[in-house]
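Descriptive structure summary
Spelled out from the first residue to the last, the chains are:
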Amino acid sequence: MLVLGDQLSTRVGPLADATPGEDRVVFVEAAGFARRKRYHPQKLVLVFAAMGHLRDRLRERGFDVDYHRVPDFEAGFRAHLDAHPGEDLETMRPASHGAGEALLDRFASARATVAADSATDPDARLLVAENDRYLCSPAAFDDWAAEKYGDDPESFRHEDFYRWMRERTGHLVDDDGNPVGGEWNFDDENREFPRSEVAFPDPPDLDVGDDDVVREVAERVANEFETWPEVANGATIVDGGETPGGGADLAPFRWPVTREGALAELDAFVADRLPEFGPYQDAMVERSWSLNHALLSPAINVGLLDPEECIETAIDAYEDRDDVEIASVEGFVRQLLGWREFVRHVYRREMPGLAAANQLDATEALPEAYWTGDTEMACLEAAVGHVRERGYAHHIERLMVLSNFATTYGVDPGDLNDWFHLGFVDAYHWVTTPNVVGMGTFGSDALSTKPYVSSANYVQRMSDHCAGCAYDPDETTGERACPFNALYWDFLAEHEDRLRSNHRMGLVYSHLDDKRDAGDLERIRERADAVREMGADGSL
Ligand code: FAD
């Protein structure tokens, strides 16, 4: 069987039924994949080291394991067919659009080459099965959407889907079919401001730096791959530099690369951070990069953890302990049972158009600060810094700083998607694309009915960044005015034809009318243009 780098699970898929001594396990570490596009160095270390660890573990259990370190998948398949011409490979369909067909194509080419070279046709096949790493299959989702929305099956909404998933799985549903705690959704209780006395536990030190496999892979990544570029004045100037991986750090590397490490990450989250996960889910603070977020997406997305076991562990803690409130556990379950599954299906149904969608015709290049992290905007500096240091920023930094700023600035959603794909250790096309192009930038309305945009107001209300920032969140124009403000009003004015009729935006358009009536709009738009110039020349 073929184990792909984001399917490193022995609990589902072909590996779940494999027998040591009987079944061969094949890994293909295709360097060309990581050369065609740049990735954060920690992403490459995470995936390659997790593959290496699973290889070693399967060998210890008595499996025959072939680990092909090759330029591309076709070369990996050729190596397999040369050595075992009659052995089929089974795998699960990759979640990214077209990737299953691409694997089948590469396999067919490899088979043709081996047949031509050896004058006998290897009769091995590549068998691509359903991807079992999700909680809702494509068929189940499609049946639900068809039944629920009848004539308009594309109008599916997350809230309906999430509720259906709760009913279907029975998670946080009582014996009478009612939601535990009396509500299906405690989102209103997820919005507390983190006062300075609120402490956020440090995430566990997983000791991954001492791991031999990590060390070997990290050395290769530093020497052989182009990763985060150093950028100045809009141009890439060097790769490498003081830290391996250019402008992003390779150390300290803290992401689990083994099943044991991933379970330790899950246990630490449930023990220390789940109790306060709910109240501070929408907050940001200078003193903590992680707050109470789970930090589980890197492990879940490569297959070291299953979403179901994360959900069950959190619900068990709620049932067994007094310190876990329903708003926290429901908030966590909603993310995994609801959002994660929902975005996967939106992506599946909306591709290939979704990746190129740009309904607001945004064409600006990314501000230089997204590469350098050098900016006087405290919130943006912190969020980009977190990405450079660990390949991670939590959800609110992603949505309300990195995407909000890029959207109101007018960045092309495809460029922002590429940046997220490069920058994050948990980035895969199936999950980054709907989140960036749909939720983050409103490049498509497939995921939300209105853009998630805000002035400085959100950051000021939900974080402590503004207190020490060089910019003033209460000013809209003038040199010291927070850039978010002019960009926000400029964005609303620019997209008035499309957005004013949206009933969820009526209130903000009445505020825009006030600014227009007061004669302020022209100066606001000039300030927004000035902000874009500063973004482009690196002086933001
Ligand atoms: P928590 O906040 O603790 O949430 C728990 C889990 O819920 C996460 O581990 C994740 O598996 C799941 N989850 C929550 N929200 C989402 C969501 N919208 N989509 C998918 N899963 C979700 N998630 C990725 O896994 N990879 C990405 O590349 C990615 N890119 C994003 C880009 C943007 C612009 C935005 C707004 C969101 C993105 N997300 C992405 C979703 C979400 O931000 C991350 O899953 C989350 O921040 C991961 O950190 P955590 O494990 O600490 O999550």
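Because the structure is a prediction, the values reported are computed rather than measured.

A word on the overall build of the chain
- Looking only at helices and strands, one finds 22 helices and 6 strands in the chain.
- Radius of gyration (C-alpha) of the chain: 24 Å, near the 24 Å computed for a compact globule of 540 residues.
- Overall, the C-alpha framework of the chain stretches about 80 × 60 × 50 Å when taken along its three principal axes.
- Buried residues in the chain amount to 57% of all 540 residues.
- In the chain, the share of contacts with a sequence separation of at least 24, taken over all contacts with a separation of at least 6, comes to 74%.
- Surface summary for the chain: the accessible area is close to 22300 Å², and the carbon and sulfur share equals 45%.
- Within the chain, the 105 negative side-chain charges are centred at a point lying 2 Å from the centre of the 52 positive side-chain charges.

With respect to the site of the ligand
- Not every one of the 27 residues close to the ligand is listed here, only the nearest: Ala-294, Leu-295, Tyr-392, His-395 and Thr-432.
- One of the backbone N or O atoms of Leu-296 is found 2.9 Å from an oxygen atom in the ligand.
- Between the ligand and Ser-297, the relevant distance is 3.1 Å, taken from an oxygen atom to a main-chain nitrogen or oxygen of the residue.
- Computed on the free molecule, the ligand has an accessible area of 810 Å², of which 99% lies beneath the protein chains in the complex.
- For the shell around the ligand, the secondary structure elements donating two or more residues are helix H9 (297–302), helix H11 (326–350), helix H15 (395–409) and helix H17 (429–440).
- The biggest single contributor to the shell around the ligand is H11, with 6 residues.
- Grouping the amino acids of the shell around the ligand by side-chain chemistry returns 15 nonpolar, 9 polar and 3 charged.

Here we look at the nonpolar core
- Core analysis: the biggest nonpolar cluster contains 159 residues, and Phe-27, Phe-332, Leu-380, Leu-402, Phe-405 and Trp-419 have the highest contact counts within it.
- Per-element accounting of this core gives the leading share, 11 residues, to H11.
- In contact with Phe-27, not counting residues within four places along its chain, are Val-3, Leu-8, Met-51, Leu-54, Arg-55, Leu-58, Val-65, Asp-66, Tyr-67 and His-68.
- In this structure, Leu-2, Val-28, Phe-77 and Ala-110 belong to the second largest nonpolar core, which totals 17 residues.

Examining the side chain of Ser-290
- Here Ser-290 lies in the loop between helix H8 (259–273) and H9.
- The buried category is assigned to Ser-290, whose relative accessible area is 1%.
- Setting aside anything within four residues of it in sequence, one finds Ser-290 in contact with Pro-203 and Leu-295.

Describing the pattern of salt bridges
- Across all of its chains, the model carries 41 salt bridges by this definition.
- Across the pair Arg-220 and Glu-216 runs a salt bridge whose closest N-O atoms are separated by 2.8 Å. You can see Arg-220 and its partner Glu-216 sitting in helix H7 (residues 212–224), 4 residues apart, about one turn around the helix.
- Look at Arg-220 and you get buried, because its relative accessible area is 13%.
- In this structure, Arg-321 engages Asp-323 in a salt bridge whose closest nitrogen and oxygen atoms are separated by 2.9 Å.
- Among the residues examined, Arg-321 registers a relative accessible area of 25% and is labelled partly exposed.
- By relative accessible area, Asp-323 is classed as partly exposed at 40%.
- A cluster of three or more residues bridged by salt bridges with shared partners is formed by Asp-187, Asp-188, Arg-191, Asp-282, Glu-330 and Arg-334.

Focus on the packing of aromatic side chains
- Per the stated rule, a full pass over the model turns up 32 aromatic pairs.
- With 6.4 Å between their ring centres and 55° between their planes, Phe-141 and Phe-342 make a pair best called tilted. Linking Phe-141 in helix H5 (residues 138–149) with Phe-342 in helix H11, this pair joins segments that are 201 residues apart in sequence. The exposure classification of Phe-141 matches that of Phe-342, with both residues buried.
- Taken together, the aromatic side chains of Phe-141, Trp-144, Tyr-149, Phe-156, Phe-161, Trp-164, Trp-339 and Phe-342 make up a single cluster linked through ring pairs.
- One residue, Arg-35, lies across the ring of Phe-225, its end atom 4.6 Å from the ring centre.
- Looking at Arg-344, its charged tip hangs above the ring of Tyr-134, at a distance of 4.1 Å from the centre.

A closer look at the state of the cysteines
- Evaluation of the coordinates by the stated rule reveals 0 disulfides.
- Between Cys-466, a cysteine without a disulfide, and Cys-469, which holds the nearest cysteine sulfur, the sulfur-to-sulfur distance is 6.4 Å.
- Cys-466 gets classed as buried once you look at its relative accessible area, which sits at 18%.

Remarks on a negative patch on the surface
- A surface patch of like charges, here negative, comprises Glu-183, Glu-189, Glu-192, Glu-276 and Glu-325.
- As for its position among the elements, Glu-325 is in the loop between helix H10 (307–320) and H11.

Some points on the packing of H8 against H10
- At a closest axis distance of 10 Å, the pairing of H8 and H10 adopts a crossing angle of 35°. Taken as a pair, H8 and H10 cross one another with a handedness that is right-handed. Listed contacts from H10 to Arg-259, Leu-263, Leu-266 and Val-270 of H8 are Glu-309, Cys-310, Thr-313, Ala-314 and Ala-317.
- For the contact of H8 with H10, the class distribution of residues is 6 nonpolar, 1 polar and 2 charged.

Comments concerning the pairing of strand S4 (residues 126–129)
- By the bridge criterion, 4 bridges tie strand S3 (residues 89–92) to S4 in an arrangement that is parallel. Bridge pairing links Glu-90 to Leu-127 in S4.
- Tracing the backbone out of S3, into helix H4 (residues 99–118) and back to the parallel element S4 gives a crossover that is right-handed.

Conventions and cut-offs
- Residues numbered from 1 in each chain as written.
- Predicted model: local features only at pLDDT ≥ 70, side-chain atom pairs only at ≥ 80, totals over all residues.
- Heavy atoms only, no water.
- Helix = DSSP H or I, 4+ residues; strand = E, 2+ residues; numbered from the N terminus.
- Rg over C-alpha atoms; globule rule 2.2 N^0.38 Å.
- Buried < 20%, exposed > 50% of the residue type's maximum accessible area, 1.4 Å probe, protein only.
- Contact = heavy atoms within 4.5 Å.
- Areas by Shrake-Rupley, 256 points an atom, 1.4 Å probe, with all protein chains shown as cover.
- Lys, Arg positive; Asp, Glu negative; His and termini not counted.
- Charge placed at Lys NZ, Arg CZ, Asp CG, Glu CD.
- Near = heavy atom within 4 Å.
- Polar contact = N/O pair within 3.5 Å; in protein donor to acceptor, adjacent residues only side chain to side chain.
- Nonpolar A, V, L, I, M, F, W, Y, C, P; charged D, E, K, R; others polar.
- Core = buried A, V, L, I, M, F, W, Y, C linked by side-chain atoms within 4.5 Å.
- Salt bridge = Lys/Arg side-chain N within 4 Å of Asp/Glu carboxyl O.
- Phe/Tyr/Trp six-rings, centres within 6.5 Å; stacked < 30°, edge-to-face > 60°.
- Lys NZ or Arg CZ within 6 Å of the ring centre and 35° of its normal.
- Disulfide = S-S within 2.5 Å.
- Patch = residues over 30% accessible without salt bridge, like charges linked within 9 Å, V, L, I, M, F, W, Y side chains within 5 Å.
- Axes fitted to C-alpha atoms, helices over the stretch in contact; angles between N-to-C directions.
- Left-handed = near helix turned anticlockwise from the far one by under 90°.
- Pairing = 2+ DSSP bridges.
- Right-handed = clockwise from strand over helix to strand, strands pointing away.

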